[in-house]
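Observations on the model geometry
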Amino acid sequence: MKDIKCMTLEEISSALREMGEPAFRAKQVFTWLHRGVTSFDEMSNLSKPLRAKLAGEFLITVPRVARCQRSQLDGTVKYLWELADGNCIESVLMRYHHGNTICISSQVGCRMGCAFCASTVAGRVRDLAASEMLDQVIFSQLDAGIPISNIVLMGIGEPLDNFDTVMRFLELVNHPDGLNIGMRHISLSTCGIVPMIDALAERNLQLTLSVSLHAPDSQTRSQIMPVNRAYDVDTLFAACHRYFKKTGRRISFEYAMIDGVNDSDAQADLIAKKIRGMPGHVNLIPLNDVVESPLKPSRRIDAFARRLESHGITATVRRSLGGDIDASCGQLRRKEMEEKKGADTL
Ligand code: SAH
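1. Observations concerning the overall build of the protein
Of regular secondary structure, the protein possesses 12 helices and 14 strands. At 21 Å, the protein has a C-alpha radius of gyration in line with the 20 Å of a compact globule built from 346 residues. Overall, the protein is about 70 × 55 × 35 Å in size when its C-alpha atoms are taken along their principal axes. Counting over 346 residues, the protein shows a buried share of 54%. A separation threshold of at least 6 residues defines the contact pool for the protein, and within that pool the share at least 24 residues apart is 67%. Carbon and sulfur atoms provide 51% of the accessible area of the protein, an area that totals close to 14,900 Å².

2. Concerning the domain arrangement of the protein
By domain assignment, the protein separates into domain 1 (2-59) and domain 2 (64-344). Of note, the centres of domain 1 and domain 2, computed from C-alpha atoms alone, are 33 Å apart. Facing the 16 residues of domain 1 at the interface are 15 residues of domain 2. Taken together, the two surfaces of domain 1 and domain 2 that pack against each other cover about 1,200 Å², and 58% of this comes from carbon and sulfur. Viewed at the interface, domain 2 and domain 1 are joined by three salt bridges. One salt bridge connects Glu11 with Arg168, and the closest N-O pair in it is separated by 2.8 Å.

3. Observations concerning the sheet that holds strand β12 (residues 252-257)
Sheet architecture is open: 10 strands sit in the order β3-β4-β5-β6-β9-β10-β11-β12-β13-β14, paired in mixed fashion. Each edge of the sheet is formed by a strand with only one pairing partner; in this case those strands are β3 (64-70) and β14 (314-317). In this sheet, adjacent strand axes meet at a mean angle of 20° when their direction is disregarded. In this structure, strand β5 (residues 88-96) lies alongside strand β6 (residues 99-103), joined through five bridges in antiparallel fashion. Within β6, the residue paired with Leu93 across the bridge is Ile102. Together, β9 (150-153) and β10 (186-190) form the strand contacts of helix α5 (residues 163-173), whose direction differs from that of β9 by roughly 180°.

4. Quick word on the layout of surface pockets
Considered as a void within the structure, the second largest pocket measures approximately 170 Å³ in volume. Along the wall of the second largest pocket there are 10 residues; nearest its centre are Val291, Glu292, Gln331, Arg334 and Lys335. For the lining of the second largest pocket, a count of residues per class yields three nonpolar, one polar and six charged.

5. A short note on the site of the ligand
Surveying the vicinity of the ligand reveals 18 residues, the closest of which are Phe116, Ser189, Ser212, His214 and Asn288. Here a nitrogen atom of the ligand and a backbone polar atom of Gly157 are 3.0 Å apart. Between the ligand and Thr190, the relevant distance is 3.4 Å, taken from an oxygen atom to a main-chain nitrogen or oxygen of the residue. Here the ligand, which alone exposes 530 Å², has 91% of that area covered by the protein. Among the elements of the structure, β10 and β12 are those that each provide at least two residues to the shell around the ligand.

6. Points about the side chain of His214
Along the chain, His214 turns up in the loop between β11 (208-212) and α7 (218-224). Judged by relative accessible area, which is 5%, His214 ranks as buried. Among the polar contacts listed, one links the side chain of His214 to the backbone nitrogen of Ala256, at a separation of 2.9 Å. Ignoring any residue separated from it by four or fewer positions in sequence, one finds His214 in contact with Phe116, Ile224, Met225, Glu254, Tyr255, Ala256 and Asn262.

7. Remarks on the packing of helix α4 (residues 130-144) against α5
How two helices sit against one another is set out by the angle between their axes and by the gap between those axes. Between α4 and α5, the least distance of the axes is 8 Å, while the angle of their chain directions is 45°. Our classification of the angle between α4 and α5 gives oblique. The interaxial crossing formed by α4 with α5 has right-handed handedness. Only Thr165, Val166, Arg168, Phe169, Leu172 and Val173 of α5 make contact with α4, whose side of the interface consists of Ala130, Met133, Leu134 and Val137. Each residue belonging to the contact of α4 with α5 can be placed in one class, and the counts come to eight nonpolar, one polar and one charged.

8. Examining the pairing of β11
Buried residues dominate β11, accounting for four of its five residues. As paired strands, β10 and β11 are joined by four bridges and run parallel to one another. Counterpart to Leu188 in the pairing with β11 is Leu209. Crossover connection from β10 via helix α6 (residues 194-203) to parallel β11: handedness right-handed.

Cut-offs and rules
Counting starts from 1 at the beginning of each chain's written sequence and moves along it residue by residue. Local features in a predicted model are, by the rule used here, given only for residues with pLDDT of at least 70; side-chain atom pairs are given and counted only at 80 or more, and totals for whole chains, interfaces and linings are based on all residues. Based on all heavy atoms of the structure, the side-chain values leave hydrogens and waters out of the count. Secondary structure elements are taken from DSSP: a helix is a run of H or I of four residues or more, a strand is a run of E of two residues or more, and numbering for both begins at the N terminus. Radius of gyration: C-alpha atoms only; globule rule: 2.2 Å multiplied by the number of residues to the exponent 0.38. Under the scheme applied here, a residue whose accessible area is under 20% of the maximum for its type counts as buried, over 50% as exposed, and between as partly exposed, the area being computed with a 1.4 Å probe on protein chains only. What makes two residues a contact is simply this: any of their non-hydrogen atoms within 4.5 Å. All accessibility values rest on the Shrake-Rupley procedure with a 1.4 Å probe; residue burial counts only the protein chains present in the view. For every domain, the bounds stem from an assignment made automatically or drawn from a database. Reported buried area values correspond to the accessible surface (1.4 Å probe) lost by two parts on association, with both partners' losses combined. Salt bridges are identified by distance alone: a Lys or Arg side-chain nitrogen within 4 Å of an Asp or Glu carboxyl oxygen. Strands pair, by our definition, only if DSSP identifies at least two bridges between them. Between N-to-C directions, angles cover 0 to 180 degrees, with each direction set by a line fitted to C-alpha atoms, over the stretch in contact for helices. Here the term cavity refers to a set of points on a 1 Å grid, laid over the protein atoms alone, in which a 1.4 Å probe fits but cannot get out; the term pocket refers to an open set having protein on both sides within 12 Å along at least five of seven lines, with lining residues being those that place an atom within 4 Å of a point. Grid points are joined across faces, edges and corners, and a volume is the space filled by probe spheres set on the points. Nonpolar residues are Ala, Val, Leu, Ile, Met, Phe, Trp, Tyr, Cys and Pro. Charged residues are Asp, Glu, Lys and Arg, and all others, Gly as well, are polar. To be near a molecule or strand, a residue needs just one of its heavy atoms within 4 Å of it. Polar contacts, as used here, are pairs of N or O atoms within 3.5 Å; protein pairs need one atom able to donate a hydrogen and one able to accept it. Residues neighboring in sequence count only if both atoms are side-chain atoms. Oblique is the label for every angle not falling under 35 degrees (roughly parallel), over 145 degrees (roughly antiparallel), or within 65 to 115 degrees (roughly perpendicular). Handedness of a helix crossing follows the sense of rotation of the near helix relative to the far helix, less than a right angle counterclockwise being left-handed and clockwise being right-handed. Handedness is read with the strands pointing away from the viewer; a crossover is right-handed when the path from the first strand over the helix to the second is clockwise.

In structure tokens:
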């Protein structure tokens, strides 16, 4: 059966036309889906026979909350969703003054292999469908009972490794008859798959591109991010400059501060040098200690930020939310996998 939440309004329209239904029905169906109905029976403005017909041809995805952790400190909520095939993914709902933000996953696992990241430890299982990305927004909004205004594609997975589906998701989530979340309220984070950054530039979207830099020199970056062996730092920066030229959008560089690896003043100087020519912004992230990794958090974050600012580069330090829950993405899924493994061997 076909997953109807992956379909655009136009696609639903033509499917309904083939069933002999008027076009305006498509809009009703589309709106119901994006509101989070779990069956066609809930679509109360459709006739019963039409509901039955739709149920015979299409399925509606409904993820199950496998685990949910709520921070007592700042209201951050972390969801572990179980998908229809039993796989699990995570989303994190954060409350910022500029709006409630959901951090969503784009793949089950990840194959990029970054040394500090929990999501990639067991590799990639599969890509998510557009419906499964939408569901993270729809169902966390319903569960938390608060409106979500911002989305960051910074959860499990590499969004540009699932490019076509992520583009479809963006079109769906942006649609006025659905969730209607503006592109300027969406960020997409990539580890730096250069041809796909160029492909994204071609779309000329108003979203914010975040690039996970983590080191400005290829020697360091290749050690912690295998993607750098395919597209090195200079190739990546060239793509970033092209992206800015094409879209006019400022790029945000993510930089997880790792003790003794990427936190020297020389590295701050090099970042500034490579950003020069476009309005870059550096987001310094206190490294989340991942059990599987020997890398430790840096104690030089403020000094590093000042050094960047001395070159005229704006730097912010990411406020750590959900410190009392496993809020960095990939960790809750790892925990679940470990426990399942433990249970299997009993
Ligand atoms: N694959 C995409 C998006 C998912 S990761 C990307 O690489 O950008 C989201 C962000 O969290 C990335 O910047 C990633 O490098 C960072 N990250 C992963 N593990 C981390 C950790 N242990 N501590 C701090 N940041 C981490």
